[in-house]
Each structure stands twice: as structure tokens, then as C-alpha cells.
Amino acid sequence: MTAKLGVAEFMQAFPLVCAEPANLHYLDNAATTQKPEVVIDAMTDCYRKTYGPVHRGLYPLAEAASDLYEQARETVAAFIGADTPREIIFTRSATESINLVARGWASHQLGPAKAAWVSRLEHHSNYLPWQAVCNEQGARLGIIELQADGALDLNACESLFSDETGLIAISLVSNVTGSIQPVADLIKRAHRHGIVVLVDACQAAGHIELDVAQLDCDFLVMSGHKLYGPTGIGVLYGRTALLEQTDPLLLGGGMVDWVGERHSQWSGLPAKLEAGSPNLAGAVGLAAAIRFLNEFELKDLHAHSQGLANAAIDRLQRLPGVSVYSSALSREGTGIVSFNIDGVHPHDLGQIAGEEGVAIRAGHHCCQPLMQHFNVAATARASFAPYNTLDDVEALVGAVERARMMFA
Ligand SMILES: Cc1ncc(COP(=O)(O)O)c(C=O)c1O
């Protein structure tokens, strides 16, 4: 077995982060991550050397392109421990993956007698599709509320673990606080009642090990661009039996075996759920990102990002008028810190920080239900990756201090 690489090698791999002079403090990694050279090269190589139509040609270049695409599916399947690559559906994004399950599966599995549950900390992408399907089906949308510290209040949801619940859609890691939810435990309890569980792993992938067999989840979604891969490629994992029950959202080329005048016969998995010309370079880039990550110990990368987040929390909490949200859970999370400064709008902080080269996010983070829990309209958010350093923490704290002086 070859020795794993360390954090120092990780930092060197990202051209935009390593660019000289070093005047970028990129702390918006929960929104999207920077790309390592190997991902950029793999995508360029694909376009230069192996680009052709996927599953649509019988000549060697088309066959090579199809092989590359299917190898990418195998890489993703191995990364998350899926039983077979047929359980991996390539989509445009995690958002599309969730909508595919909501529209293609839940819309004919739920009904007025069934409930779907989400938590209060879900990203809008894992909230709105369920709200819409429940409204259309006359099904109840239950919300798992949070305790004061931001932890899920599972015991306060009386009918959550009951035969009335058809589905629970829950994120493994919050995109606002980085807190890790006890999803494995939730799944065990849910399965005693035959409840299907979808895990939104967007903020977990690349930070903590993902193993769908160990988690025992029914569906899992993630986005390529949040784990050092390209935008425009997302993943839906589903158990074979559930994907077989899932209707395609898109109808068209590549997903059908036989077309008649009135009726047609869909192909098997995974083609049935991937209508249209596949995103070859996107899948290749995602596979390259996963191979890159596999060269490291995820727990070392995670410890580094989390160490920086904890240093930021320590420094921010010492400043008067700064509140860090769910700070205890955030300290145990994946490197995301959400905070506010009394008297300073997060957008103003975002702009001042931006002028100093500190890239943070300010807003509701597509998480308005969670903002309601915190009783704010918006927060500032710094999210760390393994290529960040203590210099980035210093730059963030410096920007916060200047904003305080200007506004507070
Ligand atoms: C937890 C979570 N779920 C879903 C999404 C949606 O991902 P995408 O915009 O890549 O579809 C995001 C994006 O920020 C997220 O953080």
C-alpha cells in the first residue's frame, strides 16, 4: 500500500490557492471548492484526447469516451461504498438529484396518509422539493426542530418514527454550522418503521468518510463542485430496488430501449435516469477529484480544516459583540463557522472582507428555516478547506475587527 500524502502536499495542488502573490484568503469552501491541477488536467485531457459521444457510437473514440464515463461511475461507487455502479446516477447537481427523488419516487409513494420529514437546518435544495411534493400529495411535511444548541430534537417529534412517515430527508452536515448530524442513528430508528431515508451529503463528501452500506441509507446525494470536482455534475445514489421504482424526470435520448407510437419501454439502470447526452468531462473531473482525495487520509484533512475553524471560533468569541452560531457543534464539525457582529450587517462585513482578499459568504445560505431558528435574516460564514492556513484565520479576524471599528 502506498503511503498517503499530507496536508502540505494538498495545499500545493491548487493553482488558484497557491498563486503568487498570496493575496487570496478563500474561505467560501462550503459554497464551492477550488480545483486541484489533476482535476483541471483530467478534464483538459478528456477534451484533447478522449472526447466523443457517450453510449452513442460504435467507433473507437466513442467507445473510449463511453469507457471513461463508466469508469467514473465505478470510481464514485467505490468512493461511497455502493454495491454496484448501477446504483450511481449522474445528474447536474445535488439539487437535481433531490428533485429526481422527490418527483420521480416520492410523488407516487407518499399520499394524504403519509408524512415526509426534513430538519430545520436543511438547505433549500433539500427542503423545497419535499414541501412541493407534500403540498401536491396532501401529505404532511414534518420538521425536526432543533434544541437551543442547534442539535436535532429527535425526541420532540412524536410521530417521526412511526408507520405514518414515508420518508426522511436529512443532511449529514449543516452548510451553515458544519455540525455533523447523528444520521446513522436516525436511519436505524427509521428503518424499524420501513421509512426511506435520503441523506444530503453535500457538505460531508470530502470531509468525512462516506459509506452507504455502513450508513444504511436508501438515497444519498452529493455535488461534484463541493469536493474539488467540477460544477455541472452531481450524484444520486439509491438502492437498486428504489431506483427501479423511480420514474425519470427527463425523457429523451439514451434512456429508452424501445419507442412505439403511444408507449415506450425505458432502459434499465442507470440509463433510465440519465436522459440526454451525458456530461463526460464533468464525470471525468469528478472521478479525478475522488482519486486525488484518495491519496490523502481524510481524517488528517478534516482535522486540519477543523483546527482552523476552532482557531477562528476562539478568536471571534473573544471579540465583543460577536456571536458564533451553534459554536459547540461547530467545533465538532467540518470547518464551517457562522457568526454575526452586533451592529454590522453581514453583507457589509462580506464586502469589507472581500476588499481585503478575504472571501467569505454573507446571507441566509439558502437556509431560511435555520435563520428563523437563530432569529436572524443572515449570517457571515467562513468555511475552511485543507488548503487554508492560520494566515487565513488572521486575515478573517482582521477584517472582522475593521468592520467592527467602522460600524459598531
Ligand atoms: C447541504 C447542501 N445541500 C444541497 C446543496 C445544493 O448543492 P448544489 O447547489 O450543488 O446542487 C448545497 C449547496 O450549497 C448544500 O450545502
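Note that this is a predicted model, so its numbers are computed, not measured.

S.K.: Which residues make up the site of the ligand, and what values do they have?
M.R.: The local shell around the ligand consists of Ser93, Ala94, Thr95, His123, Ser125, Asn175, Asp200, Cys202, Gln203, Ser223, His225 and Lys226. Within the side chain of serine 223, an N or O atom sits 2.5 Å from an oxygen atom of the ligand. Burial of the ligand by the protein amounts to 87% of the accessible area it has alone, namely 390 Å².

S.K.: Explain the sheet that holds strand E14 (residues 361-363) residue by residue, including any values.
M.R.: Strand order in the open sheet made by the four strands is E11-E12-E15-E14, with antiparallel pairing throughout. Edge positions in the open sheet fall to strand E11 (322-324) and E14, since each of these has one partner strand only. Strand-to-strand twist in this sheet, taken as the mean axis angle between neighbours without regard to direction, amounts to 30 degrees. As paired elements, strand E12 (residues 336-341) and strand E15 (residues 379-383) share four bridges and run antiparallel to each other. Note on E15: the bridge partner recorded for phenylalanine 339 is alanine 380. The sheet contacts of helix H11 (residues 298-317) involve E11 and E12, and relative to E12 the element is tilted by about 15 degrees. Sheet contacts for helix H15 (residues 390-407): E11, E12 and E15; angle to E12, the most-contacted strand, approximately 15 degrees.

S.K.: Tell me about the pairing of strand E5 (residues 165-171), and name the residues and values.
M.R.: Taking burial as the measure, the seven residues of E5 include seven buried ones, the bulk of the element. Once you follow E5 into helix H7 (residues 183-191) and on to strand E6 (residues 196-200), the crossover reads as right-handed.

S.K.: Describe the pattern of salt bridges, naming the residues involved and giving the relevant values.
M.R.: What the rule picks out here adds up to 14 salt bridges. Here glutamate 274 ties to arginine 73 by a salt bridge, and the two come within 2.8 Å at their closest N and O atoms. One end of the pair, glutamate 274, is in the loop between strand E10 (264-266) and helix H10 (280-293); the other, arginine 73, is in helix H4 (residues 60-80), and 201 residues separate them in sequence. For the pair formed by glutamate 274 and arginine 73, the shared burial category is buried. A salt bridge links arginine 120 to glutamate 145; the shortest N-O distance between them is 2.5 Å.

S.K.: Which residues make up the domain arrangement of the protein chain, and what values go with them?
M.R.: When the domains of the protein chain are assigned, the result is domain 1 (7-29 + 297-407) and domain 2 (41-293). Once you take the C-alpha centre of each, domain 1 and domain 2 turn out to be 28 Å apart. Across the boundary between the two partners, domain 1 contributes 32 residues, which contact 28 residues of domain 2. Approximately 2,500 Å² of surface area, both sides summed, lies buried where domain 1 meets domain 2, with 65% of it carried by carbon and sulfur atoms. Contact with domain 2 buries area across many residues of domain 1, yet Leu298, Thr334 and Pro369 alone supply 25% of it, more than any other trio.

S.K.: Which residues make up the packing of aromatic side chains, and what values go with them?
M.R.: In the structure shown here, the tally under the stated rule is 14 aromatic pairs. Ring geometry for phenylalanine 292 and phenylalanine 296: centres 5.1 Å apart, planes at 65 degrees, overall edge-to-face. Exposure class is identical for phenylalanine 292 and phenylalanine 296. Each is buried. Grouping aromatic residues by their ring pairs yields a cluster made of Phe10, Phe14, Tyr228, Phe292, Phe296 and Tyr387.

Calculation criteria
- Residues numbered from 1 in each chain as written.
- Predicted model: local features only at pLDDT ≥ 70, side-chain atom pairs only at ≥ 80, totals over all residues.
- Heavy atoms only, no water.
- Near = heavy atom within 4 Å.
- Polar contact = N/O pair within 3.5 Å; in protein donor to acceptor, adjacent residues only side chain to side chain.
- Areas by Shrake-Rupley, 256 points an atom, 1.4 Å probe, with all protein chains shown as cover.
- Pairing = 2+ DSSP bridges.
- Helix = DSSP H or I, 4+ residues; strand = E, 2+ residues; numbered from the N terminus.
- Axes fitted to C-alpha atoms, helices over the stretch in contact; angles between N-to-C directions.
- Contact = heavy atoms within 4.5 Å.
- Buried < 20%, exposed > 50% of the residue type's maximum accessible area, 1.4 Å probe, protein only.
- Right-handed = clockwise from strand over helix to strand, strands pointing away.
- Salt bridge = Lys/Arg side-chain N within 4 Å of Asp/Glu carboxyl O.
- Domains from an automatic or database assignment.
- Buried area = accessible area lost by both parts, 1.4 Å probe.
- Phe/Tyr/Trp six-rings, centres within 6.5 Å; stacked < 30°, edge-to-face > 60°.

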